[in-house]
Amino acid sequence: MLEKISTKFNDIIKQVSGKGTISEKNIQEAVEEIKIALLEADVNLRVVRRFVNKTIEEAKGETVLRSVDPGQMFTKLIYDRMVALLGGETTELQLKGPDTQSVILMMGLQGSGKTTTSAKLAARLKKEGRKPLLVAADLVRPAAIKQLQVLGEQIGVEVYTEDTKDAVKVVKNGLKYAKKNSINTIIVDTAGRLHLDDEMMKEIEAVFKAASPQETLFVADSMTGQHAVDIAKEFNARVELSGVILTKFDSDARGGAALSLKTITGKNIKFIGTGEKIEDLEIFHPERIASRILGMGDVVSLVEKAQEQTDVEEAKKLEEKMASSTFTLEDYLEQFQKMKKMGSVQSLLEMVPGLAGQVPEDAINEKEMKREEAIILSMTKIERHNHRILGPSRRKRVAKGSGTNVYEVNRLLKKFEKMRLMMKKVAKNKKYQAKLMSQLGS
Ligand SMILES: Nc1nc2c(ncn2[C@@H]2O[C@H](COP(=O)(O)OP(=O)(O)O)[C@@H](O)[C@H]2O)c(=O)[nH]1
Ligand SMILES: [Mg+2]
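Here is a short report on the structure shown in this document. Along each chain, numbering runs from 1 in the same order as the chain's sequence is written. For naming, the first written chain is A and the first written ligand is 1, with later ones following in the order written. Local features in this predicted model are restricted to residues of pLDDT 70 or higher, and side-chain atom pairs are both shown and tallied only at a pLDDT of 80 or more, whereas totals for entire chains, interfaces and linings draw on every residue. With hydrogens and water set aside, each side-chain value is computed from the structure's full complement of heavy atoms.

What to know about the overall build of the protein chain
Okay, so step 1: Every helix listed is a DSSP run of H or I at least four residues long, and every strand listed is a run of E at least two residues long, numbered separately from the N terminus. The helix and strand inventory of the protein chain stands at 21 helices and eight strands.
Okay, so step 2: Counting only residues that meet the buried cut, the protein chain has 49% of its 442 residues in that class.
Okay, so step 3: Here the contacts in the protein chain between residues at least 6 apart in sequence split such that 74% fall between residues at least 24 apart.
Okay, so step 4: As displayed, the protein chain has an accessible area near 22400 Å², and 53% of this comes from carbon and sulfur atoms. Partly exposed residues are those whose accessible area sits between 20% and 50% of the maximum for their type, while under 20% is buried and over 50% is exposed, using a 1.4 Å probe and protein chains only. Residue contacts are defined here by distance: any two heavy atoms, one from each residue, within 4.5 Å place the two residues in contact. The protein chains shown are the only cover counted for residues, whose accessible areas, like all others here, come from Shrake-Rupley with a 1.4 Å probe.

This is how it looks when you write it as C-alpha cells:
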C-alpha cells in the first residue's frame, strides 16, 4: 500500500532531513518536488495548492531557518502538514453504551466494499464485546442478501433479512427484532448503484430517517481516487456522514483519496480496509500513515497487529527459545500459522522501519511457505522437536508424505538451522535488542 507515493516522499525527505543549513531556495525546490509528488498521487489540486502555500509560509518562518537542525525541523513540518491532511487525530466510532441500541449505517457505490466491510465491522465489534446484528437492506442486487448471510455465518453474527423490496421496512423491522433480542449494535448494509442516481439517494435518505444512526459511514474504494472523494461529498450533502471507511487500501499505491478526503469533505477516515479477509480492517491513524508515506516506517501498528495475535507471555517464551536454541520446527510451524492469521507477510514487512517501499513483490514466497508447512506437517512430533534425528530414510518418508522431494526437505532443514543460529545471535545481542526496544518506544 502507498508504494508509489512513499517512494517519492522517501527521496524528498532523505534530501531534506540531512541538510545542515537550509536556504529559501532549498525550501522552494523541496516544495516544488512535494507538489509534483502530490499531484502524481492524485491528490485534489485545491488540496495541493493549500498544502504547498502553508508549507512554504511556515518553513520560511524563524523555527526552520534559524533552528539548530533545520533539515529535521523542515521534515517535522512536512510530517505535521501530512498528518493534518489525513485528518489530524484518530477518530473512533461514537456508539452508545452497551445497554442502548446503536445503529451504524453503511453507504456507498456498488462494489465499494459495503457488504464486506459491514461484516468486518461486525466481527470487530463482537470481539470488543458488543452484540451485533447485520441488517440486509440491499434489496437491489439479488445476490446481496445471500452474500451477507454467508459472511454472517462465517463470523457468527446474526443477519436480519426479509423478502421484500422495501428497504425502510427491513430496517424498521430489523431494529425491532434487535430490541426484542437485546442486541445492542445494528449494522445496516444498504444498496449502492454504479453511479449516483436520484433513486438511490431517495432510498438512502429514507433509510437514514428510519434508522436514525449513531454512525453514518461512507464506504469508499480508495483505488478510485478523486472520484471517491467527489461521491463522498455528494452523499454528505444529502445525509450527514459521520465518517468514511476507505477500502482496498492494500491496493492503493497513490493515496490520493486518503490525502484529499478531509480537506474536501470535512469528514474523517475512521477505518481502512486492507484486504479481502474479515480481519483486514484497521483503525485509521493519520500519524502512522503519514510516517509510512514519509518513510519513517510504521512501528506502532506493526506492534499492535502482532500483539493482537501473540500475547506478551508467548513472545517471552519465544524469545527464550530463540536464545537457548530450543526453537523447534514445531515453533517454526506455529509462527507460520500466526503470520497467516495476521494477513500477508508482505504487508507486515512493509511496516517495518526502513523496509517501507523496499520490500520487493516476491520477497516472501507464500507458496514456499505452504510447501514448508506441508513438510513439517508430515513429520512426527518427535521429529519436529528434534530435527537432527531426520536421517536420509526419514527425510524420504517426509518428502513422500508432503508431496515434495528430498531436495526440498533438505533445503528447509538447512534454512531452519541457519535461522536458529541467527535467532540465537539476535536474542543474545543486548545492544541490538535495546535498539529495537527504543524504536518500539517501550
Ligand atoms: N483487496 C481488497 N478487497 C476488498 C476490500 N473491501 C472489499 N473488497 C472486495 O471488493 C469487492 C466488492 O465488495 P462488496 O462488499 O461486495 O461491495 P458492495 O457492493 O459495496 O457491497 C469484493 O470482491 C470484496 O472482496 C479491501 O479492503 N481490500
Ligand atoms: Mg453489497
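What about the packing of helix H5 (residues 70–85) against helix H12 (residues 286–294)?
Okay, so step 1: Each axis is a line fitted through C-alpha atoms, and for a helix only the stretch in contact is used; angles between axes span 0 to 180 degrees, taken between their N-to-C directions. Packing of H5 against H12 leaves a shortest axis separation of 9 Å and a crossing angle of 130°. For the element pair H5 / H12, the angle class is oblique. Seen from above, H5 lies across H12 with right-handed handedness. For the pair formed by H5 and H12, the contact residues are Ile-78, Tyr-79, Met-82 and Val-83 on the first element and Pro-286, Glu-287, Ala-290, Ser-291, Ile-293 and Leu-294 on the second.
Okay, so step 2: When residues are grouped by polarity, Ala, Val, Leu, Ile, Met, Phe, Trp, Tyr, Cys and Pro land in nonpolar, Asp, Glu, Lys and Arg in charged, and all others, Gly among them, in polar. Residue classes in the contact of H5 with H12 are distributed as eight nonpolar, one polar and one charged. If an angle is under 35 degrees, it is roughly parallel; if it is over 145, roughly antiparallel; if it lies from 65 to 115, roughly perpendicular; otherwise it is oblique. By convention the crossing between two helices is left-handed if the near helix lies anticlockwise of the far one by an angle smaller than a right angle, and right-handed if it lies clockwise.

A few points about helix H8 (residues 167–180)
Okay, so step 1: If you check H8, its first and last C-alpha atoms are 20 Å apart, about what 14 residues at 1.5 Å a residue would give, namely 20 Å.
Okay, so step 2: In this structure, the buried side of H8 is in contact with strand E1 (102–107), strand E2 (132–137), strand E3 (158–160), strand E4 (185–190) and helix H9 (198–211).
Okay, so step 3: Contacts described as polar in this section are N or O atom pairs within 3.5 Å, which, within protein, must combine one atom able to donate a hydrogen with one able to accept it, while residues neighboring in sequence count only if both atoms come from side chains. The N-capping residue of H8, defined by a side-chain oxygen 3.2 Å from the backbone nitrogen of Val-168, is Asp-166.
Okay, so step 4: Taken from the residues just after H8, Ser-182 is the one with a positive phi, measuring 40°. One fewer than the residue count of a helix, multiplied by 1.5 Å, yields its expected span.

Thoughts on the pattern of salt bridges
Okay, so step 1: Salt bridges are identified by distance alone: a Lys or Arg side-chain nitrogen within 4 Å of an Asp or Glu carboxyl oxygen. Under the criterion given, the structure shown has 20 salt bridges.
Okay, so step 2: A salt bridge links Glu-58 to Arg-81; the shortest N-O distance between them is 3.0 Å. One end of the pair, Glu-58, is in helix H3 (residues 45–59); the other, Arg-81, is in helix H5, and 23 residues separate them in sequence.
Okay, so step 3: Its salt-bridge partner being Glu-205, residue Arg-238 comes within 2.9 Å of it at the nearest N-O pair. Of this pair, Arg-238 sits in helix H10 (residues 226–238) while Glu-205 sits in helix H9; the two residues are 33 residues apart in sequence, bridging distant segments of the chain.
Okay, so step 4: Take Glu-205: its relative accessible area is 27%, and that puts it in the partly exposed class.
Okay, so step 5: Each of Asp-198, Lys-202, Glu-205 and Arg-238 takes part in a single network of salt bridges with overlapping partners.

Some remarks on the site of ligand 1
Okay, so step 1: Here a residue counts as near a molecule or strand whenever at least one of its heavy atoms sits within 4 Å of it. Near ligand 1, the surroundings consist of 18 residues, among which Gly-111, Lys-114, Thr-115, Thr-116 and Asp-250 are the closest.
Okay, so step 2: In the environment of ligand 1, an oxygen atom lies 2.9 Å from a nitrogen or oxygen atom belonging to the backbone of Gly-113.
Okay, so step 3: Here an oxygen atom of ligand 1 and a backbone polar atom of Lys-114 are 2.7 Å apart.
Okay, so step 4: Contact with the protein chains hides 83% of the accessible area of ligand 1, taken as 580 Å² for the molecule alone.
Okay, so step 5: If you tally residues by element for the shell around ligand 1, the top one is helix H6 (residues 114–127), at four residues.
Okay, so step 6: In the shell around ligand 1, the residues fall into one nonpolar, 11 polar and six charged.

Remember that the coordinates give geometry; whether it matters functionally is a separate question.
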